[in-house]
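Remarks on the overall topology
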Amino acid sequence: MQKPQRGAAFQTLAHHYAHRQEAARAAHAAGRKVIGRIGHTVPTELIMAAGAVPILITADLDRKTPVADIYVDPELPPETRTLFEAGVDGDFEFLDLLVLSRPYDKLYYFLKEIYRLGRAPKMPPFAIYDLMQSQREAVRVYNEDRIRDLVKRIGRIAAKVDDAALVAAIETTNSTRALQRRLGNLRATGTVGGVEAMQAIGAGYFMDPQSYAQALASFISEAAAGPALSARHNVLLITAEPLGHTNVHQLIEAAGANVVAEDDTWGARAAGDDISTKLDPLQAILDKYWSDVPTTGVWPPAARETWMMEQAARSDIDAIVMYIPPSDRMLGWDTPRLAKTFRDMGKPVQLLFHDALRDKGRSAIASELEPFFAGIPGRKEAAR
Amino acid sequence: MSAPTDAAKAREEAKRKHESLTQLKVSHTLRAYQREWFEGLRKDVFQGGQPYAVVGALVPHEILEALDIPFITDVWYSGLVAAKRQSGYYSNFLDKCGYHRNLSRYAALTLAVMLDEENPDKPWGGLPMPSLLCTSINERSAEVMSAISGAPFIPIEQPVLDRPTPEWWKMSRWQWEDLDGDYRIDALAAQYQDLIAAAEKVAGKKLDYDRLREIINRVNAQEEYFHEIRTIIETAPKLPARLGEVMGQVMGIQWHRGTEWAYQQARAFRDEIKHRADNQMWACPNEQIRLMYVGQGLWQNLDFFTEFEEKYGAVFVRSNYLSIASDGYIRYGGRDPIRALASRYVTMSEQMHIPGLGSAWAIEEARTHRVDGGLSIAGWWGVKTVNQALEEAGIPVLDFPVDAVDGNTWDEQKMRALVSNFIEQRVLPSKAKKNIYA
Ligand code: SF4
Ligand code: SF4
């Protein structure tokens with residue numbers, strides 16, 4: 001696939017996507033309060049409103065995990081092991097507070113215990129933000145109490161959070177969401193590729209919000225003025241685990257296709273809808289993260305799947321790839337039904353069960369994708 | 001697939017062996033009741049079409065009990081399939097349906113039996129479609145059952161234990177509002193209202209809260225008998241009853257907890273254990289080594305626990321099942337029965353493996369049961385931390401590589417060799433060392 005040359009704005013985004021803690025560590029060195037989040041349901045707006053710097057903490061999955069191998073069970077996601085190891089090693093010491101989200105409850109338990117034993121003395125203060133994501137009234141009071149507790153906890157570490165500060169933070173993140181949605185449109189028209197898009201979106205989790213908005217805006221205007229990428233199959237990617245890397249996208253590009261959307265907060269679902277400016281700001285933030293952040297905790301299935309069904313129905317989507325690596329314990333139960341639904345819609349489906357983080361898995365995936373795309377008529381021919 | 005006939009043969013053989021190992025009278029009365037109960041279920045539900053529910057192990061069965069809704073528990077049913085040596089067949093069947101290997105089969109064999117239209121030898125003739133489903137929200141196979149049956153699914157979202165208390169069992173009976181956190185109890189109680197509404201529709205009547213309170217108290221009383229049994233096992237000079245039989249008895253009663261039968265059976269169980277201990281009727285009179293069993297039940301082969309009596313005088317004295325019955329279920333002072341229930345289940349089972357909670361408990365159990373070593377089944381999150389804590393406390397642990405219900409992973413000879421080596425190379429030397437210092 002032919003790729004246009006990208007300018008300084010994209011280089012900035014790609015740099016921070018690769019060097020994930022650089023900006024936050026610099027802010028820490030400059031005396032700012034830095035609050036880490038593990039998982040995408042911890043609202044950045046609360047951290048921003050407290051005058052602190054938010055940073056998403058992610059796992060380095062290549063990391064050796066000698067201590068985690070003693071304590072953490074192999075059937076837990078590799079992310080749990082590597083983040084545990086990072087905590088024990090003192091990687092999070094620069095944070096003023098670390099907030100874990102509900103999907104990381106087990107990591108929370110393991111860190112709690114190793115800290116209690118005195119074997120992870122460099123862990124910063126940490127807390128769990130237990131947002132339940134079933135879409136039903138029964139969990140409302142619990143969720144409302146949890147976000148109020150989190151506001152207090154953050155306020156204790158940084159500045160006290162008030163409504164005016166929340167409104168300002170919402171304004172900032174909503175304008176970033178608008179930019180990210182524009183980026184999504186450029187993906188659909190073929191001006192921005194999937195691998196590039198993942199970096200441009202993902203950088204937002206690691207950069208200061210203002211600098212990110214600037215860099216993203218420049219990249220978008222540059223890309224919009226540039227040529228479209230050469231035509232190839234448009235792919236919708238469904239993933240069983242959050243994709244904090246571009247491996248799957250690269251493999252799909254190498255096979256001559258392009259991911260134009262993925263059901264993942266690391267990609268096309270980073271923005272979602274704006275946070276409402278009509279409600280009480282804290283309520284609006286709660287609603288947004290409760291109902292519009294895709295995690296495996298969303299229920300009922302219809303709520304979990306509305307977005308992917310709309311995307312699958314897009315006429316410009318040529319194929320659907322479902323990435324279900326060995327760590328999956330959830331999406332596999334939906335897989336036969338989803339694959340059938342997509343096929344009934346007339347969309348070719350490829351299931352990938354190998355691990356894109358391992359060399360062996362990557363070559364297995366490559367050998368499955370090649371014949372899959374070759375078997376789909378249309379666009380690829382036109383590209384040659 | 002030739003599995004059913006092979007399975008039938010293996011089943012016959014296992015049954016003969018099992019019967020020759022049975023020491024307890026209550027094992028016979030339990031089996032008789034199970035047969036009778038299942039016969040009733042078959043008549044009323046499987047043939048008569050009476051609506052029934054499929055539920056998880058950690059949901060408030062007491063509510064269904066109080067509404068007279070028959071129910072089966074997914075993991076219990078999976079255990080049943082395993083005991084009939086059909087778990088291998090049904091695990092493969094799920095593969096064929098497109099459910100990949102890494103998905104837990106522990107609860108999902110229920111779904112497999114429901115989906116299977118080929119096997120002529122289904123356990124008890126298979127399962128009709130349920131009218132209500134209630135499990136943990138993470139049990140996606142229940143969502144699939146809901147989709148194929150059209151029955152409503154009430155998911156339970158357990159609130160995270162944000163303030164873990166390692167020695168939880170010291171608080172669980174009376175101080176549960178503090179132990180579990182009132183806000184966590186509220187969270188579950190609110191979800192129970194959804195379950196009650198759906199269950200009332202199925203039952204066609206309103207929940208009687210007085211009756212529910214009675215049931216909760218009857219469960220307390222039943223678990224008190226289990227507590228007595230555990231105390232006898234801890235303090236008697238030798239083991240009065242084999243672990244496989246104890247586990248079978250405990251679970252057989254627990255699945256019917258809240259009923260008058262369960263209460264009476266628990267009492268008879270206590271009476272028999274007490275009688276055996278008073279009269280020095282030991283499971284293995286030549287008892288030399290006491291082992292604990294950590295983790296899920298080895299349901300495909302409970303008789304495995306007796307294999308090491310003859311050669312080593314090694315007995316298994318303890319499992320999670322009896323001990324959690326005593327430490328996990330009892331809730332006193334439940335004026336509000338829904339809150340008492342919510343507290344009973346809000347950390348149920350997780351307290352056995354949440355790091356810190358699981359290890360503190362295992363060490364306490366090892367101490368009170370005077371064990372020399374532990375056998376710990378893999379495939380259970382949290383178990384490594386528990387094993388590590390036991391090892392640090394001087395209890396050697398064998399990490400046993402087998403899925404609790406998957407018949408495909410069971411290799412009798414290999415398993416026997418693993419345990420023998422463990423006893424010879426780790427337990428005996430560690431015991432000898434302790435004896436020197438003692
Ligand atoms: S801060 Fe972390 S990610 Fe950034 S360059 Fe240094 S080591 Fe790499
Ligand atoms: S070794 Fe002796 S005491 Fe132990 S079970 Fe065999 S016969 Fe009974």
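Not measured: the values here are computed from a predicted model.

Right, let's get into unusual backbone geometry. Residues Trp299(A) and Pro300(A) are joined by a peptide bond in cis, for which omega reads 5°. Among the secondary structure elements, Pro300(A) is positioned in the loop between helix 12 (281-291) and helix 13 (301-312). Unlike most non-glycine residues, Arg85(B) shows phi in positive territory, near 55°. A positive phi angle, close to 55°, is found at Arg370(B), a residue other than glycine.

Turning our eyes to something else, we now look at the site of ligand 1. Lining the immediate environment of ligand 1, one finds His19(A), Arg20(A), Gln21(A), Glu22(A) and Arg25(A). Among the residues forming the shell around ligand 1, the class breakdown is no nonpolar, two polar and three charged.

Each strand in a sheet pairs with another by means of backbone hydrogen bonds, the pair being arranged parallel or else antiparallel. Residue and element names in this part refer to chain A. If you walk across this open sheet you meet the four strands as 2-1-3-4, and the pairing is parallel. The open sheet has two edge strands with one neighbour each: strand 2 (53-56) and strand 4 (126-129). The mean inter-strand angle of the sheet, taken between neighbouring strand axes irrespective of direction, is 25°. In this sheet, strand 2 lies alongside strand 1 (residues 34-38) in parallel orientation, the contact comprising four bridges. The partner of Arg-37 across the bridge, within strand 2, is Leu-56.

Here the idea is plain: a probe the size of a water molecule rolls over the atoms and shows the empty space left. Under the definition given, this model contains five cavities of 30 Å³ or more. Computed from the structure, the largest cavity encloses a volume of approximately 410 Å³. Forming the walls of the largest cavity are 27 residues, and the residues nearest its centre are Thr44(A), Thr173(A), Arg177(A), Tyr205(A) and Tyr289(A). Secondary-structure elements contributing two or more residues to the lining of the largest cavity are helix 3 (44-49), strand 2, helix 8 (163-188), helix 10 (209-225) and helix 12 of chain A. With five residues, the single largest contributor to the lining of the largest cavity is helix 8 of chain A. For the lining of the largest cavity, a count of residues per class yields 13 nonpolar, eight polar and six charged. As for the second largest cavity, its lining consists of 16 residues, of which Trp168(B), Leu179(B), Asp180(B), Thr347(B) and Gln351(B) are closest to the centre. Listing elements by their share of the lining of the second largest cavity, those giving two or more residues are helix 8 (176-180) and helix 15 (337-346) of chain B.

With that settled, consider the nonpolar core. Counting 228 residues, the largest nonpolar core has Phe84(A), Leu100(A), Phe219(A), Ile252(A), Phe373(A) and Phe269(B) as the members making the most contacts within it. Apart from residues no more than four positions distant in its own chain, Phe219(A) is found in contact with Arg6(A), Ala9(A), Phe10(A), Leu13(A), Leu183(A), Val192(A) and Ala200(A). By size, the runner-up hydrophobic cluster in this structure holds 31 residues, among which are Ile35(A), Met132(A), Leu282(A) and Ala284(A).

Residues and elements named next belong to chain A. Roughly 480 Å³ of volume is contained in the second largest pocket. Listed by contribution, the elements that provide at least two residues to the lining of the second largest pocket are helix 8, strand 6 (257-262) and helix 13. Here the element with the most residues in the lining of the second largest pocket is helix 8; it accounts for seven residues.

With that settled, consider the interface of chain A and chain B. Each side of the interface is counted separately: chain A has 44 residues, and chain B has 47 residues. Summed over both partners, the interface of chain A with chain B comes to about 3,800 Å²; 59% of that surface belongs to carbon and sulfur atoms. For the interface between chain A and chain B, the tally reads four salt bridges. In this structure, Asp334(A) and Arg140(B) form a salt bridge, with 3.0 Å as the shortest nitrogen-oxygen distance. One can count 23 residue pairs in polar contact (both at pLDDT 80 or more) joining chain A with chain B. Those elements that provide at least two residues to the side of chain A that touches chain B are helix 4 (68-71), helix 6 (105-116), helix 7 (140-157), helix 13 and helix 14 (331-344) of chain A. Take the side of chain A that touches chain B: its biggest share by element is eight residues, from helix 6 of chain A. Of the residues that constitute the side of chain A that touches chain B, the class distribution is 22 nonpolar, five polar and 17 charged.

So, about the packing of helix 2 (residues 25-47) of chain B against helix 11 (residues 243-254) of chain B. Residues and elements named next belong to chain B. Two elements in contact, helix 2 and helix 11, have axes whose closest approach is 10 Å; the angle formed by their N-to-C orientations is 40°. Comparing the axis directions of helix 2 and helix 11 gives the class oblique. By crossing handedness, the relation of helix 2 to helix 11 is classed as left-handed. Contacts between helix 2 and helix 11 involve Val-26, Ser-27, Leu-30 and Gln-34 on the former and, on the latter, Glu-245, Gly-248, Gln-249 and Gly-252. Class assignment for the residues of the contact of helix 2 with helix 11 results in two nonpolar, five polar and one charged.

Here is what the cut-offs are and how they apply
- Residues numbered from 1 in each chain as written.
- Chains lettered and ligands numbered in written order.
- Predicted model: local features only at pLDDT ≥ 70, side-chain atom pairs only at ≥ 80, totals over all residues.
- Heavy atoms only, no water.
- Helix = DSSP H or I, 4+ residues; strand = E, 2+ residues; numbered from the N terminus.
- Near = heavy atom within 4 Å.
- Nonpolar A, V, L, I, M, F, W, Y, C, P; charged D, E, K, R; others polar.
- Pairing = 2+ DSSP bridges.
- Axes fitted to C-alpha atoms, helices over the stretch in contact; angles between N-to-C directions.
- 1 Å grid on protein atoms, 1.4 Å probe; cavity = no way out; pocket = protein on both sides within 12 Å on 5 of 7 lines; lining within 4 Å.
- Points joined across faces, edges and corners; volume = space filled by probe spheres on them.
- Core = buried A, V, L, I, M, F, W, Y, C linked by side-chain atoms within 4.5 Å.
- Buried < 20%, exposed > 50% of the residue type's maximum accessible area, 1.4 Å probe, protein only.
- Contact = heavy atoms within 4.5 Å.
- Buried area = accessible area lost by both parts, 1.4 Å probe.
- Salt bridge = Lys/Arg side-chain N within 4 Å of Asp/Glu carboxyl O.
- Polar contact = N/O pair within 3.5 Å; in protein donor to acceptor, adjacent residues only side chain to side chain.
- Parallel < 35°, antiparallel > 145°, perpendicular 65-115°, else oblique.
- Left-handed = near helix turned anticlockwise from the far one by under 90°.

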